[in-house]
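Structure assessment
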Amino acid sequence: MSARAAKRPQIGVLALQGAFLEHEKMLARLGADCRELREKSDLEAPLDGLVLPGGESTTQKKLLTDLGLYEPLRKKIAQGLPVLATCAGLILLARNATQDHSPYPSFGTLPVRVRRNAYGRQLGSFSTTGEIKGLGAFPMRFIRAPFIEEAAPEVDVLARVDGNIVAVRYQHQIALAFHPELGSDTRLHAAFLSLAAS
Ligand code: GLN
């Protein structure tokens, strides 16, 4: 036996609703251990990173509050826990949102204004290839997606599609309007795992 195996990153995946399994499969392929987060006791063991999956943000926000997960997770994110958020997850992180009529709070840790269902209901789902800063061409699948209408100057804009912001990084938070977990390109998940390992 030579070098000791590196510690596998421990990633919490919010598993209340939506496309969480696909993230778990991709992260497992990259060597991470995933823990599904459904109740407060799931937060007891330490985490190196957090995934907020796509789905329905209004349902996710209600469940987060009802299950008592909202405040402990908000605190962890605010204290620097690395996050990968996709689609509804981006809405959960955003400080402001338009077309969001939910009475339940978002985490509000990402200084952007997001527009829910920004592409309308009919044209809501499409695939394209966009350019991601530092990565190059990347396949992007949008499903009733939001986009970011406005980002604070300190937010690093990673990608735009048709002029609209669809990927950002801010400190330890990566937020995407599209769904890399539904494709086979693992580079964004790998970038998230390197944040989680740092
Ligand atoms: N339209 C959903 C929402 O507003 C997001 C869609 C998705 O996550 N694919 O929450």
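Residues numbered from 1 in each chain as written. Predicted model: local features only at pLDDT ≥ 70, side-chain atom pairs only at ≥ 80, totals over all residues. Heavy atoms only, no water.

Their axes nearest at 10 Å, the elements helix H1 (residues 20-29) and helix H5 (residues 187-197) cross at an angle of 70°. The angle between H1 and H5 places the two elements in the roughly perpendicular class. Of the residues in H5, those touching H1 at His23, Met26 and Leu27 are His189, Phe192 and Leu193. Grouping the constituent residues of the contact of H1 with H5 by class yields four nonpolar, two polar and no charged. (Axes fitted to C-alpha atoms, helices over the stretch in contact; angles between N-to-C directions. Helix = DSSP H or I, 4+ residues; strand = E, 2+ residues; numbered from the N terminus. Parallel < 35°, antiparallel > 145°, perpendicular 65-115°, else oblique. Contact = heavy atoms within 4.5 Å. Nonpolar A, V, L, I, M, F, W, Y, C, P; charged D, E, K, R; others polar.)

Below, the discussion takes up the pattern of salt bridges. Applying the stated criterion to the full structure yields 13 salt bridges. Between Lys62 and Asp66 there is a salt bridge, and its shortest N-O distance comes to 2.5 Å. With a gap of four residues between them, Lys62 and Asp66 both fall in helix H2 (residues 57-66), about one helical turn apart. For Lys62, a relative accessible area of 38% puts it in the partly exposed group. Linked by salt bridges that have partners in common, Arg113, Arg115, Glu149 and Glu150 make up one network. (Salt bridge = Lys/Arg side-chain N within 4 Å of Asp/Glu carboxyl O. Buried < 20%, exposed > 50% of the residue type's maximum accessible area, 1.4 Å probe, protein only.)

Within the structure, the ligand sits among Gly54, Gly55, Glu56, Ser57, Cys87, Ala88, Ile91, Arg116, Asn117, Ile143, Arg144 and His179. Separating an oxygen atom of the ligand from a backbone N or O atom of Ala88 is a distance of 3.1 Å. In the environment of the ligand, a nitrogen atom lies 2.9 Å from a nitrogen or oxygen atom belonging to the backbone of Arg144. Protein coverage of the free-state accessible area of the ligand, which is 300 Å², stands at 96%. For the shell around the ligand, a count of residues per class yields four nonpolar, five polar and three charged. (Near = heavy atom within 4 Å. Polar contact = N/O pair within 3.5 Å; in protein donor to acceptor, adjacent residues only side chain to side chain. Areas by Shrake-Rupley, 256 points an atom, 1.4 Å probe, with all protein chains shown as cover.)

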